[in-house]
Amino acid sequence: MAKLKVYVKNNQTEVKVPVGIRLLIRRCCQAVLATEGFKKDAEVSVSFVSNNEIKTLNKVYRNKDSVTDVLSFPLTGSEGQEEINQETGAVLLGDIVISLETAVKQASNYGHSLEREIGFLTVHSMLHLLGYDHETSQLDQRIMREKEEAVLEKLGISRDITFVTGDNN
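To keep things clear, this report deals only with the structure shown in the data block. (Residues numbered from 1 in each chain as written. Predicted model: local features only at pLDDT ≥ 70, side-chain atom pairs only at ≥ 80, totals over all residues. Heavy atoms only, no water.)

Each helix and strand counted, the chain has five helices and five strands in total. In sequence order, the chain lays out its α and β elements as β-α-β-α-β-β-β-α-α-α. In the chain, buried positions account for 43% of the 169 residues. (Helix = DSSP H or I, 4+ residues; strand = E, 2+ residues; numbered from the N terminus. Buried < 20%, exposed > 50% of the residue type's maximum accessible area, 1.4 Å probe, protein only.)

This is the structure in structure tokens:
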């Protein structure tokens, strides 16, 4: 089985990172690679940032002057060439940047747990790092959404079973 190294960094102070989130992120990344049949050793970086930071990144890299929930920065080139860590031989997939503030808000808005929201954002971004793009067509959007839900279901955090009931804050 291929090795996966996931670097998780907390670069914000607005929201306390819940216990178990780092493990959840690693499980999500591994599940995407397994589902997609990715057999090589790999590395990915996941960072938690503030709304202000993700807004700045969104403006600089996507020319969108607004807060977003997650950004993906794949390291695979347009011709599919892979970046390789020369010390480990692992494929450098890229960087995932999550606004923890926005994730908390969206979890509340959608009526599910923060764990499900962060799991979804991680899976979504991992698919972007592997070349999927939901903004190219409705078909691509549908394919990506089905893959996201399939991975989350395998992990036991599918949409159907993670809704928050009552006052579980």
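Per the counting criterion, the structure on display carries six salt bridges. Here Arg116 makes a salt bridge to Glu149, at a shortest N to O gap of 2.9 Å. Taken together, the residues span a long stretch of sequence, with Arg116 in helix H4 (residues 114-129) and Glu149 in helix H5 (residues 138-154) at a distance of 33 residues. With a relative accessible area of 14%, Glu149 lands in the buried category. (Salt bridge = Lys/Arg side-chain N within 4 Å of Asp/Glu carboxyl O.)

Here H5 is 17 residues long and its end C-alpha atoms lie 24 Å apart, about the 24 Å a rise of 1.5 Å per residue gives. Along its buried surface, H5 packs onto helix H1 (21-35) and H4. (Expected span 1.5 Å × (residues − 1). Contact = heavy atoms within 4.5 Å.)

Core analysis: the largest hydrophobic core is formed by 37 residues, its most contacted members being Ile25, Phe48, Leu93, Ile96 and Met126. Here Ile25 is in contact with Val6, Val8, Val46, Phe48, Ile118 and Thr122, once residues within four sequence places are set aside. Judged by nonpolar contacts, the second largest core, of six residues, contains Ile54, Leu71, Phe73 and Val97. (Core = buried A, V, L, I, M, F, W, Y, C linked by side-chain atoms within 4.5 Å.)

In this fold, Thr102 is placed in helix H3 (residues 100-110). For Thr102, a relative accessible area of 11% corresponds to the buried category. Along the sequence, Thr102 and Val15 sit 87 residues apart, while their C-alpha atoms lie 10.0 Å from each other. In contact with Thr102, other than residues within four places in its own chain, are Asn51, Val67, Thr68 and Asp69.

Further remarks concern the side chain of Glu43. As for its placement among the helices and strands, Glu43 is situated in strand S2 (residues 42-49). For the buried Glu43, no salt bridge exists, and the shortest N-O distance to an oppositely charged side chain is 8.5 Å, to Lys5. Within the local environment of Glu43, its side chain forms a polar contact with the side chain of Asn85, the two groups lying 3.0 Å apart. Not counting the four nearest positions on each side in its chain, Glu43 is found in contact with Leu4, Lys5, Tyr7, Asn85, Thr88, Ala90, Val91, Leu92, Leu93 and Gly94. (Lys, Arg positive; Asp, Glu negative; His and termini not counted. Polar contact = N/O pair within 3.5 Å; in protein donor to acceptor, adjacent residues only side chain to side chain.)

Functional significance is not addressed by these values, which are geometric in nature.
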